[in-house]
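Single-letter residue listing:
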Amino acid sequence: MIVIANKAVNTRLGFPHTSATNPTYIEDGHELDIVAKVYGETLEGNNEWYQTIIDEYYWSGGFHTTPEALALPVTQQSTLFDEWRITDFWKKGITGKNTKVAIIDMGFNPKNNAVAHLFGQHNSTQMQFPDTGHGTYMSSIIGGNDAKNGFLGIAPEAEIVIKELNITSNSFRMSALMDLLETLHDFDVISMSFAFTGGLNDTANTITRFNSITNELVTNGKTICIAAAGNEALTAIKYYPAAYNQVNAVAGTDATDNILAGLSNIWPGVQLVAPYRGYFDKVDADRFGKYFNTNKINGTSSATAFTAGIIALIKSYHNQRNLPFTNKDLQDKYLTQTSVHRPDRPDSPFQSNTINKEMFFSLLK
């Protein structure tokens with residue numbers, strides 16, 4: 001498709017952003033052959049960019065508008081991205097900017113195109129644990145930035161810090177998690193997409209220490225902690241760290257907000273339910289597996305990362321306006337009570353909450 005420049009437009013290499021390399025520009029009247037339209041940096045309320053076959057990017061605001069260009073679909077791989085109007089938030093400058101997010105996980109690939117921008121400045125490219133894809137996928141949901149292939153996260157301009165933790169079932173240690181949490185003061189969101197049984201069977205000192213750490217982060221600070229409820233299809237056993245005080249447990253819902261996904265854990269007191277189906281659900285399983293090095297597209301892990309990303313946008317809105325936003329604010333203002341049940345047990349509901357879309361969308365006004 002040919003588009004025609006209506007003024008001089010800078011060429012950006014590799015990524016649609018003004019921070020990308022700028023080797024040259026095109027002049028007013030230049031006819032540019034484009035292959036795709038992608039989302040990138042928002043300029044003058046417009047975050048759509050044109051991509052050429054050699055991975056050059058040009059801001060679409062520098063070109064004459066045509067019906068064909070307007071109809072060209074934007075490359076992105078998530079129906080949740082559409083449903084939650086993420087690009088509308090970006091156009092308003094609500095991108096995660098001025099927000100600090102910690103992701104505690106394992107299995108990161110610093111060379112993956114969606115998350116490569118996260119490594120170097122704030123995060124080492126040397127990983128302790130093998131690439132299982134799990135950490136890469138979770139961090140892509142929150143801050144993914146592969147515009148070319150459409151793997152776009154929710155809050156790509158958040159300052160994301162990766163904290164590696166061995167979360168394999170035989171090696172997880174609550175003491176190691178607490179050591180990490182003690183280093184995360186002054187973070188807005190802490191995302192933990194893992195779950196284990198036995199939290200209240202730990203020693204009294206362990207329970208006291210965990211509660212003390214999270215109480216300082218949440219009650220005395222500004223942090224919102226999010227953790228997965230787990231995927232064992234259990235309804236009576238609490239999983240940790242999600243079930244600890246001051247941590248928002250996230251269970252997963254299926255096609256509708258009030259039907260639990262078949263494998264999602266839940267127990268009385270789970271604070272949140274979120275989509276279980278997987279964030280990058282427009283991608284077929286084979287391509288997803290090759291891109292992320294895992295075939296686990298859905299689960300309470302992805303529901304947790306999705307929730308963390310949405311909260312990061314809410315935090316970004318408030319931080320940019322120097323407005324406080326605490327865990328209590330989240331619970332009092334942005335959560336709506338809902339009743340959820342398993343597909344085969346409609347007579348056994350659990351009370352939980354969802355993020356209120358209407359309240360979330362009100363930030364766009």
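Our subject is the structure listed above.
The text that follows walks through the structure, step by step, so that each part is easy to find.

What counts as what
Residues numbered from 1 in each chain as written. Predicted model: local features only at pLDDT ≥ 70, side-chain atom pairs only at ≥ 80, totals over all residues. Heavy atoms only, no water. Helix = DSSP H or I, 4+ residues; strand = E, 2+ residues; numbered from the N terminus. Rg over C-alpha atoms; globule rule 2.2 N^0.38 Å. Buried < 20%, exposed > 50% of the residue type's maximum accessible area, 1.4 Å probe, protein only. Contact = heavy atoms within 4.5 Å. Areas by Shrake-Rupley, 256 points an atom, 1.4 Å probe, with all protein chains shown as cover. Lys, Arg positive; Asp, Glu negative; His and termini not counted. Charge placed at Lys NZ, Arg CZ, Asp CG, Glu CD. Pairing = 2+ DSSP bridges. Phe/Tyr/Trp six-rings, centres within 6.5 Å; stacked < 30°, edge-to-face > 60°. Lys NZ or Arg CZ within 6 Å of the ring centre and 35° of its normal.

1. Here we look at the overall build of the protein
(1) Moving on: Along its length, the protein carries 10 helices and 18 strands.
(2) Moving on: Its C-alpha atoms give the protein a radius of gyration of 21 Å, within 12% of the compact-globule value 21 Å for 365 residues.
(3) Moving on: Classification of the 365 residues of the protein by burial places 53% in the buried group.
(4) Moving on: Contacts in the protein between residues at least 24 apart in sequence constitute 70% of all its contacts with a sequence separation of at least 6.
(5) Moving on: Summing over all exposed atoms, the protein offers an accessible surface of approximately 15,700 Å²; the carbon and sulfur share of this is 47%.
(6) Moving on: For the protein, the distance from the average position of its 28 positive side-chain charges to the average position of its 36 negative side-chain charges is 4 Å.

2. Some remarks on the sheet that holds strand β8 (residues 56-59)
Where strands meet in a sheet, backbone hydrogen bonds hold them as pairs that are either parallel or antiparallel.
(1) Moving on: If you trace the four strands from one edge of the open sheet to the other, you get β3-β8-β7-β6, paired in antiparallel fashion. Of all strands in the sheet, those bounded by a partner on one side alone are β3 (12-13) and β6 (36-43).
(2) Moving on: Pairing of β6 with strand β7 (residues 46-51) involves five bridges; the strand directions are antiparallel. From the neighbouring strand, lysine 37 faces β7, where its bridge partner is tyrosine 50.

3. Considerations on the packing of aromatic side chains
(1) Moving on: Under the defined criterion, the tally for this structure stands at 26 aromatic pairs.
(2) Moving on: Aromatic pair tyrosine 58 and phenylalanine 63: ring centres 6.4 Å apart, planes at 90°, arrangement edge-to-face. The same class applies to tyrosine 58 as to phenylalanine 63, namely buried.
(3) Moving on: Pairing phenylalanine 172 with phenylalanine 194 gives two aromatic rings, centres 5.8 Å apart and planes at 50°, and the pair type is tilted. Placement of phenylalanine 172 in the loop between β12 (159-164) and α5 (174-181) and of phenylalanine 194 in the loop between β13 (189-192) and α6 (204-218) is noted, with a sequence separation of 22 residues between them.
(4) Moving on: Phenylalanine 194 sits in the buried class, given a relative accessible area of 4%.
(5) Moving on: When the ring centre of phenylalanine 361 is taken as reference, the NZ or CZ atom of arginine 85 above it lies at 4.9 Å.
(6) Moving on: Over the ring of phenylalanine 187 we find lysine 100, and its NZ or CZ is 4.4 Å from the ring centre.

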